[in-house]
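An overview of the molecular structure
Here's the letter readout for the chains.
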Amino acid sequence: SKILIALAGTSSHDIAKILGDTTRWEFFRSICSRCDLALAQVEDLVPLFNEAGSPSTEFLPVPIDFESAPAPKPLAEFRGIFVGTREFRIPARRHLEAVTHADSLSRRLQVPLAVLNSEGRDGGMILKDFQRRNPLFYIIEAPITRTDFLDVLRLHRIVWQLDTTSAPGRIASDSILCGLPCVGGNGTVERLACTAVCGPRPVPQLLESAERLLTEDAFWTETVGFSRDKARAELAYGAVSVRISALLG
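Below, the structure is looked at part by part. Residue numbers restart at each chain and count upward from 1, following the sequence in its written direction. Two thresholds apply to this predicted model, a pLDDT of at least 70 for residue-level local features and 80 or more for giving and counting side-chain atom pairs, whereas whole-chain, interface and lining totals are computed over all residues. To obtain the side-chain values, all non-hydrogen atoms of the structure were included, while hydrogens and water were left out.

Thoughts on the packing of aromatic side chains
As a reminder of what qualifies: When the centres of two rings from Phe, Tyr and Trp lie within 6.5 Å, Trp using its six-membered ring, the rings pair. Their planes under 30 degrees apart give stacked, over 60 give edge-to-face, and anything left gives tilted. Strands are runs of DSSP state E lasting at least 2 residues, helices are runs of H or I lasting at least 4, and numbering of each runs from the N terminus. Whether a residue is buried, partly exposed or exposed follows from its accessible area with a 1.4 Å probe, protein chains only, as a fraction of its type maximum: under 20%, in between, or over 50%, in that order.
On inspection of all chains with the given rule, the structure shows five aromatic pairs. Taken together, a centroid distance of 5.7 Å and an interplanar angle of 80° make the contact between Phe 82 and Phe 149 edge-to-face. Placement of Phe 82 in strand E4 (residues 81-83) and of Phe 149 in helix H6 (residues 146-153) is noted, with a sequence separation of 67 residues between them. A residue is classified by how much of its surface remains accessible, and Phe 82, at 2% relative accessible area, is buried. Judged by relative accessible area, which is 7%, Phe 149 ranks as buried. Between Phe 130 and Phe 137, the aromatic rings sit 5.8 Å apart at their centres with planes inclined by 10°, giving stacked as the arrangement. With respect to burial, Phe 130 and Phe 137 carry one shared label: buried.

Notes on the packing of helix H4 (residues 95-109) against helix H5 (residues 120-133)
The condition that has to hold: Only the contacting stretch of a helix is used when fitting its axis, a line to C-alpha atoms as for every element, and angles between N-to-C directions run 0 to 180 degrees. These descriptions rest on fixed angle ranges, namely under 35 degrees for roughly parallel, over 145 for roughly antiparallel, 65 to 115 for roughly perpendicular, and the rest for oblique. Residues are treated as being in contact if the distance between any of their heavy atoms lies within 4.5 Å.
Running from N to C, H4 and H5 point in directions that differ by 10°, and their axes come no closer than 11 Å. One finds that H4 runs roughly parallel with respect to H5. Where H4 approaches H5, its residues Leu 96, Val 99, Thr 100, Asp 103 and Arg 107 are matched on the opposing element by Ile 126, Leu 127, Phe 130 and Arg 133.

Looking at H5
This is how it is decided: Multiply 1.5 Å by the residue count of a helix minus one, and that product is the helix's expected span.
Counted at 1.5 Å a residue, the expected span for H5 with its 14 residues is 20 Å, and the 21 Å between its end C-alpha atoms agrees. What H5 keeps buried is the set Gly 123, Gly 124, Leu 127 and Phe 130. Where H5 is buried, its residues meet H4, strand E5 (113-117) and strand E6 (137-141).

Pasting the structure below:
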C-alpha cells in the first residue's frame, strides 16, 4: 500500500498551531519519514514536507466544485464590495487593514460595503465604529449558512481582501463560483487564477485594481473570464482527479 499524508490546516497560523512544539514536530517528522508521498494543498508547504523527511511531495490544490455553481447573473445586478476576511485577531489575515481600505473606497465611490462579523461583540464593536461614519457599511452577523453566504456574496461586484496566510484560497474559490473577481490575497486560488489582481503587490496597486473593477465593465468582464477559465483548467474536480490518478499510479 502507498501511504499518502496531508495536513488538515495549511495556513501560516494553522502550521504554527499544529507543529509549534517539540513533541508535535518530532511526531510530524516521524510520519513524513515513513510515508511514500506528501500532498501539499498550498505550494509553500512543499519545502516543509521535504525538509521534514518526506521522500516525495506534490503540490495538489483543493479543487473547486463547479457543479454547485449558482446560475450566472448579469453584471448590472452586482454592486459594491464584500470583504473576504473576517478575523481581526489573526495578524496575517490583515482584516482591519482590509476593512479600512474598503471603507475608504466605499465612501469615495459611494458603493455599498459588506463585512461578515464572526467574532461576536468585540468584532462587532469595531465594525460598528466604521458603520457610524458610513451609511453604506453593512454588517452581516455569523453564523450564516453556506447558501445564504453565497447569496450575499453574489450581491456584490468584487471581493476584497489582503490575506497573507498562504491558505488554499476558499474565498477566492467562492468568488469564482459566484462569477466575481477576487482582489488581493496570496492563497493558492488567488495565485493560480486571479494573478492580475492579487498579491504579492503593494496595496495602492491592489486598490487601483479594485477601483477599476468597480467602475470599468470591460475590465471586470475580462478579469472574471480569465479567472473562470484558469480555474476550470487547473482547479476543477476533473483536472485535479486526473492528477490524483497519476500520483496513485
